[in-house]
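What follows is the residue order along each chain.
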Amino acid sequence: MNRRNFILFSALASGLSSVTPMAWALDFGKIMDAGKTLADAESISDDDLKSYFDQMTVHEDAQNQIAGPSTPHGKRLAKLTKGLSNYNGLDLNFKVYQTQEINAFAMANGTIRLYSGLMDEFTDDEVRYVVGHEIGHIQSGHTKARIQTAMRTSALKNVIAATDGKAAKLADSQLGDLFEKVIVAQHSQSNEREADDRAMDFMKTLKYAPEACVTALEKLDKLSGSGASWLSTHPSPRERADRMRTQLAA
Ligand SMILES: [Zn+2]
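Not measured: the values here are computed from a predicted model.

**Looking at the overall build of the protein chain**
Right, on to step 1. Scanning the protein chain from N- to C-terminus turns up 12 helices and 5 strands.
Right, on to step 2. Here the protein chain holds 250 residues, and the buried ones make up 35% of them.
Right, on to step 3. Once local pairs closer than 6 in sequence are excluded, the contacts in the protein chain between residues at least 24 apart make up 68%.

What follows is the structure in structure tokens.
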């Protein structure tokens, strides 16, 4: 049996008064054991991590207005993502959130969400650059590393229940917390460069115009200060645009 030792620290905090000393001793042994598991977050199975991303996806989708397939944004999304249901072995699923925010995000389960505000500002190929960049974060392992860190260090470790071989079902507030830490938090510059490099590969491999990597970043640079949410997680677009330009000829 693939038993996961995901720990229930909250059992220690909230359940102590109601358990017998013997039961407490047993639970405590389990907690110590699982504490080691948490310290080594890589031991959380990929299936469990996928479950957490799936839960986050459902949660975010429920909180946003999704552009239907017959809307202008829905139709454009279908056109832009034609043939992209899988990339390099990663199954992808796309939706558009109807909001003026200039933003996009991806999760390691293949969820990619584009905000209509971003689509309105960007050309088709610039949107594709964003998609390639977000896939780049997934395929470089950035997204997975972040959820592992979040599981290990955030308040989540206090609420994730120890279950037999199954991921915990997280509450809405926990999913919101996880989303902040895994998706909204700013990436490091080195992660940004790696994702940009993969975006350039993505554009060239799929025969999209790679110049869009440069123009998208220049556009983001101009949009600085006018509420481009993507900028808060993806800093320094000008330096990155210059870097992408040097790769165009490569
Ligand atoms: Zn990024």
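On we go.
**Quick word on the nonpolar core**
Right, on to step 1. Counting 49 residues, the largest nonpolar core has Tyr52, Leu114, Leu118, Val130, Met203, Cys213 and Ala216 as its most contacted members.
Right, on to step 2. Among residues more than four places away in sequence, those in contact with Leu114 are Leu77, Val96, Ala104, Met119 and Val127.

**Quick look at helix H8 (residues 172-184)**
Because an α-helix completes one turn every 3.6 residues, residues spaced three or four positions apart along the sequence face the same direction.
Right, on to step 1. Among all positions of H8, only Gln174, Leu175, Leu178, Val182 and Ile183 are buried.
Right, on to step 2. The inward-facing, buried residues of H8 abut helix H3 (46-63), strand S4 (104-106) and helix H7 (142-153).

**With respect to H7**
Right, on to step 1. Taking 1.5 Å as the rise per residue, H7 with 12 residues should run 16 Å; its terminal C-alpha atoms sit 16 Å apart, in good agreement.
Right, on to step 2. Considered for burial, the residues of H7 that qualify are His142, Thr143, Lys144, Ile147, Ala150 and Met151.
Right, on to step 3. On its buried side, H7 packs onto H3, helix H6 (124-139), H8 and helix H9 (189-205).

**Digging into the pairing of strand S5 (residues 111-115)**
Right, on to step 1. Burial of S5 is extensive: 5 of the 5 residues sit out of reach of the surface.
Right, on to step 2. The pairing of S4 with S5 spans 3 bridges and is antiparallel. Within S5, the residue paired with Ala104 across the bridge is Leu114.

Cut-offs applied
- The numbering scheme is per chain: residues are counted from 1 as the chain's sequence reads.
- Totals for whole chains, interfaces and linings use every residue, but because this is a predicted model, local features are given only for residues with pLDDT of at least 70 and side-chain atom pairs only at 80 or more, for both listing and counting.
- Secondary structure follows DSSP: runs of H or I at least 4 residues long count as helices, runs of E at least 2 residues long count as strands, and numbering of each begins at the N terminus.
- Any residue with 12 or fewer other C-beta atoms within 10 Å of its own C-beta is exposed, any with 20 or more is buried, and the rest are partly exposed; the C-beta atoms used are placed from the backbone.
- The contact criterion used is a C-beta to C-beta distance within 7 Å, with each C-beta placed from the backbone.
- A set of buried residues qualifies as a nonpolar core if it consists of Ala, Val, Leu, Ile, Met, Phe, Trp, Tyr and Cys joined through C-beta atoms within 7 Å.
- Here the expected length of a helix is defined as 1.5 Å per residue gap, with one fewer gap than residues.
- At least two DSSP bridges between two strands are required for those strands to pair.

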